[in-house]
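Listed here are the chains, written in short residue letters.
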Amino acid sequence: MSMRRRLTLAASFAAAFYGAGTAAAADLPGLGKPVSEADLALWDMSIGPDGKGLPPGSGTAAQGAAIYAQKCEACHGKEGQGGKNAMLINPPGKSDRTMALYVPHATTIFDFTRRAMPFPEPKSLSNDEVYALTAFILAGNKIIGESEVMNAESLPKVKMPNRDAFVSRYPEKR
Amino acid sequence: MTSKQEKSAPHLLDVAANGLLDRRALLGRGMLFAGAAATGVGSSLTGAAAEPLPVDPWSKEPGAVIPPYGVPAKYESKVVRTLTNPNNEPRTSNARTPHHLLDGTITPNGLHFVVARAGFPDIDPSKHRLVIHGLVKQPLVFDLEALSRYPKVTRINFVECGGNSAPLFNKDPVQANVQAIHGLLSCSEWTGVRLSTLLEETGIDPRAKWLLAEGADGPSMNRSIPLAKALDDAMIALYQNGERINPAQGYPMRLLVPGYEGNMNVKWLHRIKLIEEPVMAINETLQYTYRVAGPKIWQFFFPMEVKSFITQPSPGLTLKGPGFYEISGLAYSGNGRIAKVMVSADGGKSWGQAALDAPVLSKALTRFRMPWRWDGQPVVLQSRAWDEAGNVQPTRSEMFAERGEPKVNTPVTAFPMGHMNVITSWAADSKGEFKHVYA
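Residues numbered from 1 in each chain as written. Chains lettered and ligands numbered in written order. Predicted model: local features only at pLDDT ≥ 70, side-chain atom pairs only at ≥ 80, totals over all residues.

Counting its secondary structure elements, chain B contains 8 helices and 26 strands. Rg of the C-alpha trace for chain B: 24 Å, near the compact-globule value of 22 Å for 439 residues, within the 12% margin. For chain B, buried positions account for 50% of its 439 residues. Within chain B, contacts between residues separated by at least 24 positions form 72% of all contacts whose residues are at least 6 apart in sequence. (Helix = DSSP H or I, 4+ residues; strand = E, 2+ residues; numbered from the N terminus. Rg over C-alpha atoms; globule rule 2.2 N^0.38 Å. Buried ≥ 20, exposed ≤ 12 C-beta atoms within 10 Å, placed from the backbone. Contact = placed C-beta atoms within 7 Å.)

The following block contains the structure:
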């Protein structure tokens, strides 16, 4: 099946599905239990590049530095210069790829840190701590100023240095 | 043509230089041996002096107890995955499938390749939940027992890491075997529930164009996947080769998006959220994006495109003197079925068509075979595959014309490029020892 044909089919499929829900459920096993978005609050940690889903809270690079030294330095090295695990802050004059210099949206740093770090205790950081660590990483890579506050409003507006380098290979997007 | 070949009389079954034979020789109708006898090659097959055969000790005693769960023979202890993180240090673990020691197309569950960000979680199947929410009419939560009652389908599909074969992007040919270069690829029979069946129950908001799939593992690995793929052939897989999914493969359930890069087949799947735009997760921005000429970075490169490589013979599998061998390997495409595999023994100057083991399935590994009479001279073996969509496996120069030339050498476990499907070349010297070359 060609991609075009597949997409057309998918679109009509999607149209047919919408509004199915309980009406068509008689023909289906119907063994899923309804759940409210409120009940999914702890699970739904998705954050879009536009900042949708970012929680309340805030932090600065200075606050992040203290948390970093306590919870991150053992793997990522002093001041983010790399160690057993990835370098997070690029030393001046070196061109090594770091997360902050590479990813197109600052929200990705917040999202990944919140869901996966610190490695031994993922999801243990408070939202303030994640904002502060994100600010620490962004400021260390000279992407934001040392005193800039990162929160749900400011984080999605950060202009990432590599933002325009990405080209989607998937035909449906853009 | 070498002077050696010019001196030899052409063989009845020769289809390409350096001893590649017509694939019909594999049909077992005596063509090969009739032809071989005519030129004297193959005399070792019939001329070896047999010795009187003893009755072996195992034929004179009862065998061992049949265990509840069988494992391979003790003599096969070297048929194992290679591990990059055997002590489970705080980093990604890779385990590679030993394709040079396997045959057929199905990967045993214990040898399926693994890329795991933080080991594998110990999930209690009775407590595991799958949630589908976001841009749906009715968010639903399913437990394993409920999912097991849904209509299921069984399909054979390969899963390949987007970074498989990455060492082929080194400036110089890395000296490594099939397992090290191509081991992040496996193929299983998967059984589960179509994702479209479950989406029919939740309903789909027309604004939904993508979905986010997330695992229940510690790092909550997540990927954005086009909704079109979900409605096409995506599956919530519950069984792998007939048994419950292996813990390192996502027990008790994983997403299967046939033909798409491995990382999107989210393991330990517990949440699907329908969304309008990709979330730009770490695994679709920092990882699984590819720096190419431009300079630019390719993102959302999903299908694993047509590829093949020879598994036997290959580095580490030394030929035992001139005579008959079968060249065998794997071919596959994330875009459909394999249409044709050609094999060369002279570095791509001449080609013969390989036989394909039936059935040839869409987005599954296909085993190809080529009969070969090695005359003891140096050779360069290559394979090249075509898929039913008309895609052809690229040469190195064809690929690098688009992506740019590799400029550095990286460790064999590194990922300097993704979606590397160029032709692989194995060169044998006159001793029959193979090494990896660029040809």
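From this point on, the discussion continues.
With 80% of its residues at a pLDDT of at least 70, chain A reaches an overall mean of 86. Low confidence marks residues 1–24 of chain A, where pLDDT is under 50. Its contacts with residues over four positions away, or in another chain, come to 34 contacts. (pLDDT = per-residue confidence, 0-100.)

This part covers the sheet that holds strand β5 (residues 114–116) of chain B. Residues and elements named next belong to chain B. Pairing within the open sheet is antiparallel, and its 3 strands lie in the order β3-β4-β5. In the strand order of this sheet, the two ends are held by β3 (82–83) and β5, each with one partner. Pairing geometry for β3 and strand β4 (residues 93–96), over 2 bridges, is antiparallel. Of the residues in β4, the one forming a bridge with Thr82 is Arg96. (Pairing = 2+ DSSP bridges.)

Moving on, we come to helix α5 (residues 107–116) of chain A. Residue and element names in this part refer to chain A. Counting buried positions along α5 yields 9 of 10 residues, so the element is predominantly enclosed. Turning to α5, its buried residues are Thr107, Thr108, Ile109, Phe110, Asp111, Phe112, Thr113, Arg114 and Arg115. Of the surrounding elements, those touching the buried residues of α5 are α4 (99–102) and α6 (127–140).

Moving on, we come to the environment of Pro62 of chain B. Take Pro62 of chain B: it is sitting in the loop between α3 (43–47) and β3. Judged by the 6 C-beta atoms lying within 10 Å of it, Pro62 of chain B falls in the exposed class.

Moving on to the packing of helix α2 (residues 61–71) of chain A against α6 of chain A. All names here are of chain A. As a packed pair, α2 and α6 sit with axes 7 Å apart at the nearest point and diverge in direction by 100°. In terms of orientation, α2 and α6 fall into the roughly perpendicular class. Contacts between α2 and α6 involve Ala61, Gln63, Gly64, Ala65, Ile67 and Tyr68 from the former and Glu129, Ala132, Leu133, Ala135, Phe136 and Ala139 from the latter. Classifying every residue of the contact of α2 with α6 gives 9 nonpolar, 2 polar and 1 charged. (Axes fitted to C-alpha atoms, helices over the stretch in contact; angles between N-to-C directions. Parallel < 35°, antiparallel > 145°, perpendicular 65-115°, else oblique. Nonpolar A, V, L, I, M, F, W, Y, C, P; charged D, E, K, R; others polar.)

Residue and element names in this part refer to chain B. Side chains Phe434 and His436 project from strand β26 (residues 434–437) onto a buried face, and the interleaved Lys435 and Val437 project onto a face without burial. As defined by bridge partners, strand β25 (residues 425–428) adjoins β26 across 4 bridges and the pair is classed as antiparallel. Residue pairing for β26: Ala428 is matched across the bridge by Phe434. Between β25 and β26, which pair antiparallel one after the other, the connecting turn spans 5 residues, and Gly432 there sits at a positive phi close to 85°.

In this section: the domain arrangement of chain B. For interface size, the figure often reported is the accessible area lost on association. Residue and element names in this part refer to chain B. Examined at the domain level, chain B breaks down into domain 1 (116–298) and domain 2 (307–437). Domain 1 and domain 2 are separated by 28 Å when their C-alpha centres are compared. Across the contact, 29 residues belong to domain 1 and 33 residues belong to domain 2. Looking at the side of domain 1 that touches domain 2, the elements that each hand over two or more residues are β8 (153–160), α5 (178–182) and β16 (290–292). (Domains from an automatic or database assignment.)

Our focus in this paragraph is the environment of Tyr102 of chain A. With respect to the element layout, Tyr102 of chain A can be found in helix α4. A sequence separation of 61 residues divides Tyr102 of chain A from Arg163 of chain A, and the C-alpha atoms of the two residues are 8.1 Å apart. In contact with Tyr102 of chain A, other than residues within four places in its own chain, are Arg97 and Asn162 of chain A together with Leu286 of chain B.

This part takes up the sheet that holds strand β20 (residues 338–344) of chain B. Strand pairing within a sheet occurs via backbone hydrogen bonds; the two strands may be parallel or antiparallel. Residue and element names in this part refer to chain B. With antiparallel pairing, 5 strands are arranged side by side in an open sheet as β21-β20-β24-β25-β26. Edge strands, defined here as strands with exactly one partner in the open sheet, are β21 (352–353) and β26. Bridge count between β20 and strand β24 (residues 379–387): 6 bridges; the pairing is antiparallel. By the bridge assignment for β24, Val343 is matched with Ser383.

The partner chain B presents 48 residues to the 54 residues of chain A that form the contact. Sorting elements by how many residues they give to the side of chain A that touches chain B places helix α1 (residues 3–17) of chain A first, with 7 residues. Along the lines of polarity and charge, the residues of the side of chain A that touches chain B split into 33 nonpolar, 12 polar and 9 charged. When strand β1 (residues 33–34) of chain A meets strand β7 (residues 140–143) of chain B, the two strands line up antiparallel, connected through 2 bridges. Bridge assignment links Lys33 of chain A to a residue of β7 of chain B, and that residue is Val141 of chain B.

Attention now goes to the nonpolar core. One finds Ala135 and Phe136 of chain A together with Leu211 and Ile236 of chain B to be the most contacted residues of the largest nonpolar core, which totals 83 residues. The residues touching Phe136 of chain A, leaving out its near neighbours within four places in the chain, are Ala61, Gly64, Ala65 and Tyr68 of chain A. By size, the runner-up hydrophobic cluster in this structure holds 59 residues, among which are Ala25, Ile181, Val341 and Phe434 of chain B. (Core = buried A, V, L, I, M, F, W, Y, C linked by C-beta atoms within 7 Å.)

This next bit is on helix α6 (residues 195–202) of chain B. For an α-helix, the turn length of 3.6 residues means that residues three or four places apart are oriented alike. All names here are of chain B. When you tally the buried positions in α6, you get 6 out of 8 residues, the bulk of the element. Along α6, the positions that sit buried rather than exposed are Leu195, Leu198, Leu199, Glu200, Glu201 and Thr202. Two residues or fewer after α6 comes Gly203, characterised by a positive phi angle close to 75°.

Let us look at the pairing of strand β10 (residues 210–215) of chain B. All names here are of chain B. Most of β10 sits inside the fold, with 6 of its 6 residues counted as buried. Of the two faces of β10, the one carrying Trp210, Leu212 and Glu214 and the one carrying Leu211, Ala213 and Gly215 are both buried. Bridge count for β10 against strand β11 (residues 222–226) is 5 bridges, and the pairing is antiparallel. Residue pairing for β11: Trp210 is matched across the bridge by Pro226. The antiparallel pairing of β10 with β11 creates a hairpin that spans 6 residues between the two strands, and Ser220 there sits at a positive phi of about 50°. The sheet contact formed by β10 and strand β15 (residues 269–275) spans 6 bridges and is antiparallel. Each residue of the ladder has a partner; that of Ala213, found in β15, is Ile272.

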